Amino acid sequence: MPAFWKEHQLAAEMDTALAAVRQAGLLCREVQAEIDPGALAKDDKSPVTVADFGSQALICRALGEVFPGDPVIGEEDAAVLQEADNAAMLERVVGHVGARVAGSDAQQVCRWIDRGNAKQYSDRFWTLDPIDGTKGFLRGQQYAIALALVVHGRLELAVLGCPNLGTTLAADRGDGTILVAIRGQGTWQMPLIGEAEPVRVSVSTQTDASQIRFCESVEAAHSAHGDSARLAKRLAIAAEPARLDSQAKYAVVARGEAEAYLRLPRDNKYREKIWDHGAGVLCVTEAGGRVTDVPGADLDFTLGYRLENNLGVVVSNGPQHEALLQAMTDLGIGRFDD
Ligand code: AMP
Ligand code: MG
């Protein structure tokens, strides 16, 4: 049976995006496998930097070849990499990219990376987080490669690579999975490695608020854990939250392994970045779920690289959404005095 998108008008986009994310995922796994936890100094972030730039180079190169007119709003640019102090780092990036794209040189790799440094909204653009969850990557836990296509402000296509997530959520690392979605066509999953056909996934049908299983960031700096604990108490939720890095949390909700993902703001200054949400949002909504910010508004992808008009993010299976929003309103979560 051919992949579900073969007849779709975005088939070329999906073929290109999927192949690129898969290639980037393999690069990331290769870099991660080289980390020797014993030898890695606690503040040595170089492996994730190498993988981050390598991932962005591969994906932007692939998009640039097939869709040269499409801007990419990505997280990285090559300026730092070109500083004299970082020559060794650049060499490592070129080595990993060159292992996949014969004949790559430093100048080309930097050019590919810089294809991803658009900042402004346009009628058709991609948004890319080459490694979402850098802390998870360094800890050997979850991280994601997140790529989404936005046309006229609407998410149309998503590829969410989760190189350490299994096809089901286990306590330890899995062999890697990729979720893909096209608007109106559902969300589908396949293993990172191999040629298996995609399998459709859908959100949980659970409607009892006390039975909500939710996930949130590992990093307390990214989401107010105290507020989610208050919310859990309010709704009589007994289950402990699953803490995972990256948009793997969206994958977990899309697959029905949790009813919610809460990203609760710690202040009213921080604005979420579009690359931290685009791919995940489409994967969840196409699996039947719902995504808003904490006040209940839709996420607005028309304002450049930040979600300027949104505060925090609430992801659910759908039926539980109103209960979550109401409980947050009742508790004053997301309301700040300054
Ligand atoms: P997570 O792995 O879900 O904790 O999210 C990782 C992402 O959090 C990174 O890609 C950052 O862009 C983003 N981030 C950084 N600072 C903050 C913050 N203060 N609040 C929310 N997200 C943040
Ligand atoms: Mg990120």
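For the structure itself, consult the block above.
Residues numbered from 1 in each chain as written. Chains lettered and ligands numbered in written order. Predicted model: local features only at pLDDT ≥ 70, side-chain atom pairs only at ≥ 80, totals over all residues. Heavy atoms only, no water.

Caption draft 1: Representation of the pairing of strand S6 (residues 187-191). Counting buried positions along S6 gives four out of five residues, so the element sits mostly inside the fold. The pairing of strand S5 (residues 177-182) with S6 spans five bridges and is classified as antiparallel. Note that in S6 the partner of isoleucine 178 across the bridge is methionine 190. Across three bridges, S6 lies against strand S7 (residues 199-201) in antiparallel orientation. Counted as the bridge partner of glutamine 189 is valine 199 from S7. (Buried < 20%, exposed > 50% of the residue type's maximum accessible area, 1.4 Å probe, protein only. Helix = DSSP H or I, 4+ residues; strand = E, 2+ residues; numbered from the N terminus. Pairing = 2+ DSSP bridges.)

Caption draft 2: Looking closely at the sheet that holds strand S9 (residues 242-243). With mixed pairing, five strands are arranged side by side in an open sheet as S9-S8-S10-S12-S11. Each edge of the sheet is formed by a strand with only one pairing partner; in this case those strands are S9 and strand S11 (290-292). In this sheet, S9 lies alongside strand S8 (residues 214-216) in parallel orientation, the contact comprising two bridges. Bridging from a neighbouring strand, glutamate 216 pairs with arginine 243 of S9. Relative to S11, helix H8 (residues 278-286) is tilted by about 140 degrees, and along the sheet it contacts S11 and strand S12 (313-316). (Contact = heavy atoms within 4.5 Å. Axes fitted to C-alpha atoms, helices over the stretch in contact; angles between N-to-C directions.)

Caption draft 3: Region of the structure containing the environment of serine 202. With respect to the helices, strands and loops of the structure, serine 202 is situated in the loop between S7 and S8. Given a relative accessible area of 46%, serine 202 falls into the partly exposed group. Taking the C-alpha atoms as reference, serine 202 lies 24 Å from aspartate 129; in sequence the two are 73 residues apart. Look past the residues within four positions of serine 202 in its chain and what remains in contact with it is Ala254, Arg255, Gly256 and Ala287.

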